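Summary of the model geometry
The chain contents come next:
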Amino acid sequence: MIHRVNLNLLRSLKVLLEERHVSHAADKLNLTQSAVSRQLSQLRSLFADPLLIREGNTLIPTPKALQLQAKLAHWFLELDDLLVEEAFDPEKWHGEFVLSSSDYVAQYILPNIVEALAVQAPNVSIQYRLWQPDLLPQLATSDIQLASSMSPTQPEGVSSIQIGEDVPVCVMSRAHPLAKQDSLSVTDLLAYAHIKVIGGGDKDSYVDEALANLQKQRRFALKVPFFYAAAQSLCQSQHLMVIPEHIARNLKKHFSLTYKPLPITTPRHKYWLLWHAKYDNDPSHLWIRSLVLQVMSEATYSIGYDAKS
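These figures come from a predicted structure and were not determined experimentally. (Residues numbered from 1 in each chain as written. Predicted model: local features only at pLDDT ≥ 70, side-chain atom pairs only at ≥ 80, totals over all residues. Heavy atoms only, no water.)

**Considerations on unusual backbone geometry**
Glycine aside, residues mostly have negative phi angles, and peptide bonds mostly take the trans form. The backbone of Ala 48 shows a phi angle near 50°, a positive value even though the residue is not glycine. On the secondary structure map, Ala 48 appears in the loop between α3 (33–47) and β1 (52–55). Even without being glycine, Leu 51 reaches a positive phi, approximately 65°. With a relative accessible area of 0%, Leu 51 lands in the buried category. (Helix = DSSP H or I, 4+ residues; strand = E, 2+ residues; numbered from the N terminus. Buried < 20%, exposed > 50% of the residue type's maximum accessible area, 1.4 Å probe, protein only.)

Here it is, written out as structure tokens:
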């Protein structure tokens, strides 16, 4: 029988049982008296019971109606609770949040995020995953809830916020033979083997595309997913590495490195926070992605800070 029930009919029955008067119920329901009378007729047919018996100017409920009144009061209370969303309180949030990005973000920005969470949402734990570009089409089914990555255009098929943008540069040891030059030529760029950081977003494929247009290509001595290992290897070799400028600038603070502009033109790197659209209106996700965005706008090692400065 439930597929035949109109929610408006049940609400009218609830008000009729409270008012026990058709015109009073009509006023409360903002309906005409004739409309409420028709609804009462439908309700009598639905429940196979007269429900309300006229006695002078009032309506007397039948035993069936009194039984329904008790159930309706409880049911509509639960329905109202269902429709009223409780305000999200990060202090009461329990659970695990899965965040994904590069090892650079893990080393230099994730601690700021963890610190902020410890204060504002102390019962939430973070699971961190190393991001790869091929994970983007898997966000719908993956347990990754938020990611940060690079793309020259806004990623399709997901929700996103741009954090900032910069350009790729060529990084080398301060003792490298090219370190004293103000600029590099394509010949310089290809004269030495390169290190490629393969963790996180796509950092340098546009360099290889530009070189391919010149019928040139780089030789790679090392491909590694970690910036720290790549930077250490640069310091101990004559290899070169192409990475985003804000990362190169920050690595200079900790390693004996320098960097130069590239001798070729490539698209600018753009950085995004990414998530699947299923999380667009989720209160906990709204809150934590706002927190991550704030941290990335304030952390000195972040592209967000670089874009703001």
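Now that the structure has been shown, we can carry on.
**Topic: the pattern of salt bridges**
Inspection of the entire model under this criterion finds six salt bridges. As a salt-bridge pair, Arg 268 and Glu 165 come within 2.6 Å of each other at their nearest N and O atoms. Of the two residues, Arg 268 sits in the loop between β11 (257–261) and β12 (269–275) while Glu 165 sits in strand β6 (residues 159–166), which places them 103 residues apart along the sequence. On the basis of relative accessibility, which here comes to 41%, the residue Arg 268 falls in the partly exposed class. A residue is classified by how much of its surface remains accessible, and Glu 165, at 29% relative accessible area, is partly exposed. Among the salt bridges present, the one from Asp 208 reaches Arg 218, with a minimum N-O distance of 2.9 Å. (Salt bridge = Lys/Arg side-chain N within 4 Å of Asp/Glu carboxyl O.)

**Let's talk about α3**
Under the 1.5 Å per step criterion, the end-to-end length of α3 is 21 Å for 15 residues, consistent within 8% with the ideal 21 Å. All of the buried residues in α3 are Ala 35, Val 36, Gln 39, Leu 40, Leu 43, Leu 46 and Phe 47. Viewed end-on, α3 has its buried residues packed into an arc of 140°, placing them on one side of the element. In α3, the exposed residues that point more than 90 degrees away from the buried face are Arg 38 and Ser 45. Downstream of α3 by a residue or two, Ala 48 has a phi angle that is positive, lying close to 50°. (Expected span 1.5 Å × (residues − 1). Arc of directions from axis to C-beta.)

**Section: helix α2 (residues 22–29)**
Within α2, the full set of buried residues consists of Val 22, Ala 25, Ala 26 and Leu 29. The arc that holds the buried residues of α2, viewed along the axis, is 105°, so those residues lie on one side. Exposed and oriented more than 90 degrees from the buried face of α2 are Asp 27 and Lys 28. Along its buried surface, α2 packs onto α1 (7–19), α3, β1 and β2 (58–61). Just beyond α2, the residue with positive phi is Asn 30, at close to 60°. (Contact = heavy atoms within 4.5 Å.)

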